[in-house]
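A closer look at the structure
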Amino acid sequence: MNTQSIPLLSPAIGTHRELVSFHFGPADRGQKIYIQASLHADETPAMLTTVLLKRRLRELEQAGALNAEIVLVPVSNPVGLAQNVLGQFIGRFELGSGKNFNRHFVQLTKLVANAKDALGADANENCRIVRELVAAELAQQQPLTEFESLQLALLKLSCDADVVIDLHCSLEAAMHVYTSEAAWAEVEPLSRYLGAEASLLATDSGGGAFDETHSLLWWTLQQQMPASKPVPTGSIAVTVECRGQRDVSYEVAQQDADALVDYLRWRGAIRGEARPLPPLLAPATPLAGSEQFYAPVSGILVHRAKIGDAIRVGQPLFDIVDPLTDATTTIASQTEGVLYMRRAIRFVTTGAPLGRVTGTRPIRTGVLLGA
Ligand SMILES: [Zn+2]
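Residues numbered from 1 in each chain as written. Predicted model: local features only at pLDDT ≥ 70, side-chain atom pairs only at ≥ 80, totals over all residues. Heavy atoms only, no water.

Some words on the sheet that holds strand β16 (residues 316-321)
- Reading across from one edge, β17-β16-β14-β19 is the order of the 4 strands in this open sheet, with antiparallel pairing throughout. At either end of the open sheet lies a strand with only one pairing partner, and these are β17 (328-332) and β19 (347-348).
- Across 5 bridges, β16 lies against β17 in antiparallel orientation. Of the residues in β17, the one forming a bridge with phenylalanine 318 is isoleucine 331. (Pairing = 2+ DSSP bridges. Helix = DSSP H or I, 4+ residues; strand = E, 2+ residues; numbered from the N terminus.)

A short note on helix α1 (residues 44-62)
- Here α1 is 19 residues long and its end C-alpha atoms lie 27 Å apart, about the 27 Å a rise of 1.5 Å per residue gives.
- Listed in full, the buried residues belonging to α1 are Pro45, Ala46, Met47, Leu48, Thr49, Thr50, Leu52, Leu53, Leu57 and Leu60. (Expected span 1.5 Å × (residues − 1). Buried < 20%, exposed > 50% of the residue type's maximum accessible area, 1.4 Å probe, protein only.)

What to know about the sheet that holds strand β7 (residues 163-170)
- Spatially, β1-β2-β4-β3-β7-β11-β9-β10-β12 is the arrangement adopted by the 9 strands of the open sheet, whose pairing is mixed. Each edge of the open sheet carries a strand with a single partner, namely β1 (2-7) and β12 (285-286).
- Of the pairings in the sheet, the one linking β1 to strand β2 (residues 18-24) comprises 6 bridges and is antiparallel in character. From the neighbouring strand, glutamine 4 faces β2, where its bridge partner is serine 21.
- Across the sheet, helix α6 (residues 184-194) is in contact with β7, β9 (176-179), β10 (198-201) and β11 (236-244); its angle to β11 comes to roughly 25°.
- The strands that helix α7 (residues 210-224) touches are β3 (32-37), β7, β9 and β11; relative to β11, the one it contacts most, it runs at about 160°. (Contact = heavy atoms within 4.5 Å. Axes fitted to C-alpha atoms, helices over the stretch in contact; angles between N-to-C directions.)

Focus on a nonpolar patch on the surface
- A cluster of nonpolar side chains, namely Val85, Leu86 and Leu95, defines an oily patch on the protein surface of about 320 Å² accessible area.
- Tracing the backbone through its elements, the reader meets leucine 86 in the loop between β5 (84-85) and β6 (88-89). (Patch = residues over 30% accessible without salt bridge, like charges linked within 9 Å, V, L, I, M, F, W, Y side chains within 5 Å. Areas by Shrake-Rupley, 256 points an atom, 1.4 Å probe, with all protein chains shown as cover. Salt bridge = Lys/Arg side-chain N within 4 Å of Asp/Glu carboxyl O.)

Description of the coordination of the zinc ion
- Donor atoms from the polypeptide that coordinate the zinc ion comprise His40 (ND1), Glu43 (OE) and His168 (ND1), at 2.0 to 2.1 Å from the metal.
- Going along the chain, you hit the donors of the zinc ion in the pattern H-x2-E-x124-H.
- Overall, the relative accessible area of 3% leaves glutamate 43 in the buried class. (Donors = N, O, S within 2.8 Å, 3.2 Å for Na, K, Ca; no water.)

Quick word on the environment of glutamine 4
- For glutamine 4, the location among the structural elements is in strand β1.
- When near neighbours in sequence (up to four residues on either side) are disregarded, glutamine 4 contacts Leu19, Val20, Ser21 and His23.
- Here asparagine 2 takes part through its side chain, which lies 3.4 Å from a polar atom of the side chain of glutamine 4. (Polar contact = N/O pair within 3.5 Å; in protein donor to acceptor, adjacent residues only side chain to side chain.)

Some details on the packing of α6 against helix α8 (residues 250-266)
- Two elements in contact, α6 and α8, have axes separated by 8 Å at closest approach and are oriented at 150°. The way α6 lies across α8 gives a crossing that is right-handed. Judged by residue contacts, Glu186, Val187, Pro189, Leu190, Tyr193 and Leu194 of α6 engage Asp256, Ala259, Leu260, Asp262, Tyr263 and Trp266 from α8.
- The class makeup of the residues in the contact of α6 with α8 is 9 nonpolar, no polar and 3 charged. (Left-handed = near helix turned anticlockwise from the far one by under 90°. Nonpolar A, V, L, I, M, F, W, Y, C, P; charged D, E, K, R; others polar.)

Describing the environment of asparagine 100
- Residue placement: asparagine 100 occurs in the loop between β6 and α3 (112-118).
- Between the C-alpha atom of asparagine 100 and that of histidine 40, which follows or precedes it by 60 residues, the distance is 8.0 Å.
- For asparagine 100, the residues in contact, after removing those within four places along its chain, are His40, Arg92, Phe93, Phe147, Gln151 and Ala371.
- Separated by 2.7 Å, the side chains of asparagine 100 and histidine 40 make a polar contact.
- Within the structure, asparagine 100 has its side chain in polar contact with the backbone nitrogen of asparagine 102 (distance 2.7 Å).

Set out below in structure tokens:
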């Protein structure tokens, strides 16, 4: 294992942060895996998983069992990690700009035009050429802020990875994953090992999230290049939501770290026989099919369903109780699926998001992810 540190742009005199990465395994085996945790900073379940994963990778490396380059970034957002306002941890948005740390990444799809002339008839060679174009584009980027320098550093570490795994967590949630339709066949085993209760598929959910910055480039190239210029899938990317923010325990983190090791074995990135694939707990569904619930009125939020519950159409999910009039407003599901995430707060303002249930039929368009 070797440790690297990338200095971030200093936001103010006397203040310096760094992005630390741990590098394992041989770089000459034709496979690179990139795993990062806690891009929204206050996502400690993911961070603890990487602590246990790092221990395991060190053992495996010492035993000569690694068959790929593996890059691990346990703290992918040191900027957000230091944001504390009146006792509240603010990790999702940068305080200075209000920007979501997992949006606004440089859109690599703008390189597609350049690639049109550069690519030839050999798919492997085309993969190499595209990666060179990406590296050159990132090398000439000039970040203006600490936020931009963090995002650029993350892309530089991950842009040539065959597999990008972005570990987050939600507020109160079941284990679930987001990936693209194109990557699903290769991500499905990961969903099985993790015991994901929902796998949500979208090609472009809007907003420039980290995972799609990788996957959209290759997908777009594949859509736009003629058959005479074949483009392989140079990178598959997946966002893993390691349950809810308070689901921090050694047992669960170990289970998730073991699942990641199993998946890397399945891919051949770690030598040895992979654990037999467990069943997929729930079929993949379109992200556009997820029903999102919002509070029509303000009041005390009382949950009527538990995380991970199988929900039927018409089933009551939330009550909102007005403490002055005693009026109770019940919100029921219009969709059959799994209640995979909900908000953690128990008093809601009008219009506040409440939670989401998976659905098989697309019902939403436009930007599919929350702010
Ligand atoms: Zn997150």
